[in-house]
Every structure is written in C-alpha cells, then in structure tokens.
Amino acid sequence: MAVEIIMPKLGVDMAEGEIIEWKKAEGDTVAEGDVLLEIMSDKTNMEIEAEDSGVLLKITRQAGETVPVTETIGYIGEAGEEITETAGSAPAPTEEASPAPAAAPTQSAAPTPAVAAAPQGKGGKVRATPAARKVAREQGVDLGLVPGSGPKGRVHAADVENFKGAQPKATPLARKIAEAEGLDLSAITGSGFAGKIRKSDVLVALDASKPASALESAPAKEEKVVELPEGVEHKPMSAMRKAISKGMTNSYLTAPTFTLNYDIDMTEMIALRKKLIDPIMAKTGLKVSFTDLIGMAVVKTLMKPEHEYMNASLINDANDIELHRFVNLGIAVGLDDGLVVPVVHGADKMSLSDFVLASKDVIKKAQSGKLKAAEMSGSTFSITNLGMFGTKTFNPIINQPNSAILGIGATIPTPTVVDGEIVARPIMAMCLTIDHRLVDGMNGAKFMVDLKKLMENPFELLI
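In what follows, the accompanying structure is described. (Residues numbered from 1 in each chain as written. Predicted model: local features only at pLDDT ≥ 70, side-chain atom pairs only at ≥ 80, totals over all residues. Heavy atoms only, no water.)

### Focus on a nonpolar patch on the surface
So, point 1. A contiguous nonpolar surface patch, about 260 Å² in accessible area, is contributed by V226, L228 and V232.
So, point 2. Structurally, L228 can be placed in the loop between helix 5 (212–217) and helix 6 (239–254).
So, point 3. Residue classification places L228 among the partly exposed residues on the basis of a relative accessible area of 36%. (Patch = residues over 30% accessible without salt bridge, like charges linked within 9 Å, V, L, I, M, F, W, Y side chains within 5 Å. Areas by Shrake-Rupley, 256 points an atom, 1.4 Å probe, with all protein chains shown as cover. Salt bridge = Lys/Arg side-chain N within 4 Å of Asp/Glu carboxyl O. Helix = DSSP H or I, 4+ residues; strand = E, 2+ residues; numbered from the N terminus. Buried < 20%, exposed > 50% of the residue type's maximum accessible area, 1.4 Å probe, protein only.)

Printed below as a string of structure tokens:
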C-alpha cells in the first residue's frame, strides 16, 4: 500500500520548506530510516528520513520548489504499485468477502472499550502510517481514539477517514475558509492530487454561491502586467531570508534597545592566545580563536549572580522574567545567503578545550548547512563578530528572546596613554545592545566593566 511522503512541520513557526535535493530517485528501493531528501526549513537544512520501507514510486515536488508543510511531495510503496486516491489507506473491503458494515457511530453513542483507542507502540506512541497521521492532522482527529485495521492495529488513512465520517480530503487552509464561510466541502470538487480540495477550489465555490447582483456590482479585477525597467530584476526571497526578515523585524519593533560601546585593550588576550595555541591544538586538533576566548569570558561574566538579568528572557507576553542558571551561548555565523545563530549548549560547564570543540562543531555545521533545529534554539545570550571585516562599531540586533547581544569589532593599533606615556596598543571595540525592558543602563554598564576587566586580565579564564 503506497504511503505519502509529506513536507514535515519541524518547528512551531514553520509554514513551508524548500526541497534542496532528493537523495533517492524514482524506482529506488528505500528502507525505513534511509535519508530520502534534504530540505531547508527557515534557516537550517534538514535531512528527512523514510518512515516506511519499499520503493520510491513517485516524486511529486522537485528540488528547488518551496512546499507548504503537510503537502505531499512523494509516495513510497511496493514495486509496480499504482498510486490511487486511497494511497496509504487500507484496502476497501469487497461485498463478497466483507461483513455488513457497522452503522456509523453518532455523537451520543459511547465507544466500546474495544475501539476506544488505537494500539500503541513503544513509549505510548500510536502505530499509524504517515498518510494516517497527515489525514488526522488535516481533519483534527486524535489518533489515539481511532481503531486500526492494519497489522498489530496499525492505523491507516481509511481508518481515520471512516472514524471522522468520510469527510472529503482538503488542505487545512481550504477547510478553515470553508468553515468560516459556511460552505459544505462535500459539494466542492477538488483540483489537487487525488481530488484534494485546495484554497482556490473553495474560493471558486464561494464566488459561485454569491448572488448574481453582487457579482455584477463588483468591479472586475484587471491583472496588471508590470514591465520592469531595463537592468531591473525581481527575485523571490529564500526561506532563510524570509526567516531573518521576520525575526529581525519582530526584535526591532518589540524590544526598546540601547547600545553601550567599550574599548578593550587586547594586549594580554593576544599574549594568552599565543601561549594556548599549541596545547589546545595538541588536545583538540583545533586552533583556539579570539572568538573562543571572548566567548568564554562572556560566559564566566554572565554566571555572576549580579548579572542574572543579562542572561534572562521575557515570557508570558512579557509579563514574567525567566532567569537562566546556565549559559547557552549563541554565535552568529554569516553565510553567503543569510545569517544563522548556532548555539553552544551548556557553555558554563565547559573547559576552554571543550568550548573550542563545541563552538567549532556548530560553526562548521552552520557553514555547511547541516545544523539541526535543536542546535539553533535555546540560546540565553548571543555574540556576533564583524571585526574580521574591519568594522569598528555597530549596533547589533538582539536575537530574541535573549535580553542582550554582544557585538565584537576590529582590533586596531591605537595610541593609548600607559603610565603617562603614549604607546600603541591593540584596542578592540565591543558593542552591547540591551533590551531596556529587562536591563537598565547602569546594570548593563556594570556587566561591561566586569567583562572588560576579565578580558584585559584573561589568565583568570584558566583558573
């Protein structure tokens, strides 16, 4: 029985995903757990595994296409199997071999214990085909209440449809519009695959239901063809760019911010790094960077009790403060087509060697597009470094729901007065943007004073 491969919903805010590459071709044999394809979800690439074994019968959406979540993108089944409207469903019983169907239960009829819930697998998980899960999501059915007709009680799509009352197949948006407008889905012909009702079908039916007078009075919509000037090109936003646009706009419009700028004398930090390069390389096989040392200094400063609000978040519509007794440090990584913020979880429990390994790992994954969703979430504080581009100062935008973000500028030889004499010292600019709802200027300044002291006396990082 063919089962549907759907575009998964990998996060609360995920509405669509872009297919990057199919790892299997039509006709290939697939085992459960094999990587089928790679998709981009918001700002990260994810490998999607097969939930069933069989043959990849058909690919319905190709690489490069952006597909809404829960939409069908392919089918897995037995070799030579034809894909029908009931693909992924249990076969319909024939008149000769099947007993008379039981009457559909009414709302007042209480389910018997035998059919009150579907059998569960390990950990209480309901045994169900991907197609059944998809139908249940679309129709708002609790799979735990659906009796399964498959082996070991596995729930098929037909079981869900019969349990619900054989409602027509429709996308969630189409169903929502129909309910809002009072339209009967059973009277609408679907234009999607296997007759699935889409948003456009509901809108056509809605127009057809309007009185003729209303249609006549409505002004005709003219499709305008926009001719672009010579040398102008329109390009659709990528999924990553859309996610960045949404996140930064939300942060900028939500949090009242201010930025504190400090100069850091990097003389001792440079000396410490030179001494640590060889031993860290011997232990980890990696070169310790200034970002690693700055990250560790930030973590140690954040863990001081007097700076707890620098490592906090606003929750419950900004009515409560969530204090973190740990540090998950986000490190902004610039890519050719956008920006991601991988997270070093539990940085406060790490030695410098551990931090070097962890930070290099997530940064490498970010640069290769291999970050998992969990590696991009849960940050309690973030840092972003533009110093390698010669940037002196800038105002970084907070990575919500963090209360602050630290910007790192370039280290520049600067005339400085030391013991009454003017000498050239390597001075680095640091810019701390703070959410004023959580942290006041004085408290932000105290944090920066402590951080500056630690960075200018960095041997304390090793104590």
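Still to come is the rest of the account.
### Comments concerning the packing of aromatic side chains
So, point 1. Applying the stated criterion across every chain yields a total of one aromatic pair.
So, point 2. Between F381 and F447 the ring centres are 6.0 Å apart and the planes differ by 45 degrees, which places this aromatic pair in the tilted class. With F381 in strand 16 (residues 381–385) and F447 in helix 10 (residues 441–456), this pair connects stretches of sequence that are 66 residues apart.
So, point 3. Residue F381 is classed as buried on the basis of its relative accessible area of 0%.
So, point 4. Looking at R273, its charged tip hangs above the ring of F290, at a distance of 4.9 Å from the centre. (Phe/Tyr/Trp six-rings, centres within 6.5 Å; stacked < 30°, edge-to-face > 60°. Lys NZ or Arg CZ within 6 Å of the ring centre and 35° of its normal.)

### Focus on the pairing of strand 2 (residues 16–22)
So, point 1. As judged from the three bridges shared by strand 2 and strand 7 (residues 66–68), these two strands associate in the antiparallel manner. When the bridges of strand 7 are listed, E16 appears paired with P68.
So, point 2. Of the pairings in the sheet, the one linking strand 2 to strand 4 (residues 35–41) comprises four bridges and is antiparallel in character. Following the sheet pairing, W22 is matched in strand 4 by L37. (Pairing = 2+ DSSP bridges.)

### Examining the environment of Y309
So, point 1. Looking at the element boundaries, Y309 is found in the loop between helix 8 (290–302) and strand 10 (312–315).
So, point 2. Judged by relative accessible area, Y309 falls into the partly exposed class, the value being 37%.
So, point 3. In the structure, Y309 is positioned 14 residues away from L323 in sequence and 6.9 Å away in space, judged by C-alpha atoms.

### Some words on the pairing of strand 18 (residues 421–435)
So, point 1. Bridging between strand 9 (residues 257–265) and strand 18 involves nine bridges; their strand directions are antiparallel. Within the sheet, the bridge partner assigned to F258 lies in strand 18 and is I434.
So, point 2. Relative to strand 18, strand 17 (residues 404–418) runs antiparallel, the two sharing 13 bridges. Residue pairing in the sheet places I412 in a bridge with I427 of strand 18.
So, point 3. Counted along the chain from strand 17 to the antiparallel partner strand 18, the turn is two residues long, and its residue D419 has a positive phi close to 50 degrees.

### Side note on helix 4 (residues 199–209)
So, point 1. Every buried residue belonging to helix 4 is among D201, V202 and L206, and all of these are buried. Around the axis of helix 4, the buried residues are gathered within 135 degrees of arc, so they sit on the same side. Set apart from the buried face of helix 4 by more than 90 degrees, the exposed residues are V204 and A208.
So, point 2. Packed against the buried residues of helix 4 are helix 3 (172–181). (Arc of directions from axis to C-beta. Contact = heavy atoms within 4.5 Å.)

### Some points on the environment of D435
So, point 1. With respect to the helices and strands, the residue D435 is situated in strand 18.
So, point 2. Placed 31 residues apart in sequence, D435 and A404 show a C-alpha to C-alpha distance of 6.0 Å.
So, point 3. What D435 contacts, discounting residues up to four positions off in sequence, is A255, P256, T257, L314, I398, Q400 and S403.
So, point 4. In this structure the side chain of D435 is engaged in a polar contact, spanning 2.8 Å, whose partner is the side chain of R437. (Polar contact = N/O pair within 3.5 Å; in protein donor to acceptor, adjacent residues only side chain to side chain.)

### Focus: the sheet that holds strand 8 (residues 72–77)
So, point 1. In space, the four strands of this open sheet follow the order 1-8-6-3, with antiparallel pairing throughout. The sheet is open, and its two borders are formed by strand 1 (3–6) and strand 3 (29–30), each paired with just one other strand.
So, point 2. One ladder, built from four bridges, connects strand 6 (residues 54–59) with strand 8; its direction is antiparallel. Of the residues in strand 8, the one forming a bridge with L56 is I76.

### Some words on helix 8
So, point 1. Spanning 13 residues, helix 8 covers 18 Å between terminal C-alpha atoms, matching the ideal 18 Å at 1.5 Å per step.
So, point 2. Buried residues dominate helix 8, accounting for 10 of its 13 residues. (Expected span 1.5 Å × (residues − 1).)

### Here's the deal with the nonpolar core
So, point 1. Counting residues in each nonpolar core, the largest one holds 54 residues, and the members touching the most others are F381, M430 and M455.
So, point 2. For M430, the contacting residues outside a window of four places in its chain are L260, N261, Y262, I264, I294, L406, G407, I408, M448, L451 and M455.
So, point 3. Among the nonpolar cores identified, the runner-up in size contains 19 residues, and W22, M46, L56 and I76 belong to it. (Core = buried A, V, L, I, M, F, W, Y, C linked by side-chain atoms within 4.5 Å.)

### Brief notes about the pattern of salt bridges
So, point 1. Scanning the entire structure with this criterion turns up 14 salt bridges.
So, point 2. Two residues, R61 and E65, come together in a salt bridge whose shortest N-O distance is 2.8 Å.
So, point 3. For E375, the salt bridge identified is with K365, shortest N-O distance 2.7 Å. Of this pair, E375 sits in the loop between helix 9 (352–368) and strand 16 while K365 is found in helix 9, placing the two residues 10 residues apart along the sequence.
So, point 4. Under the relative-accessibility criterion, K365 is labelled partly exposed at 24%.
So, point 5. One network of salt bridges, in which partners are shared, links E21, K23, E38 and K370.

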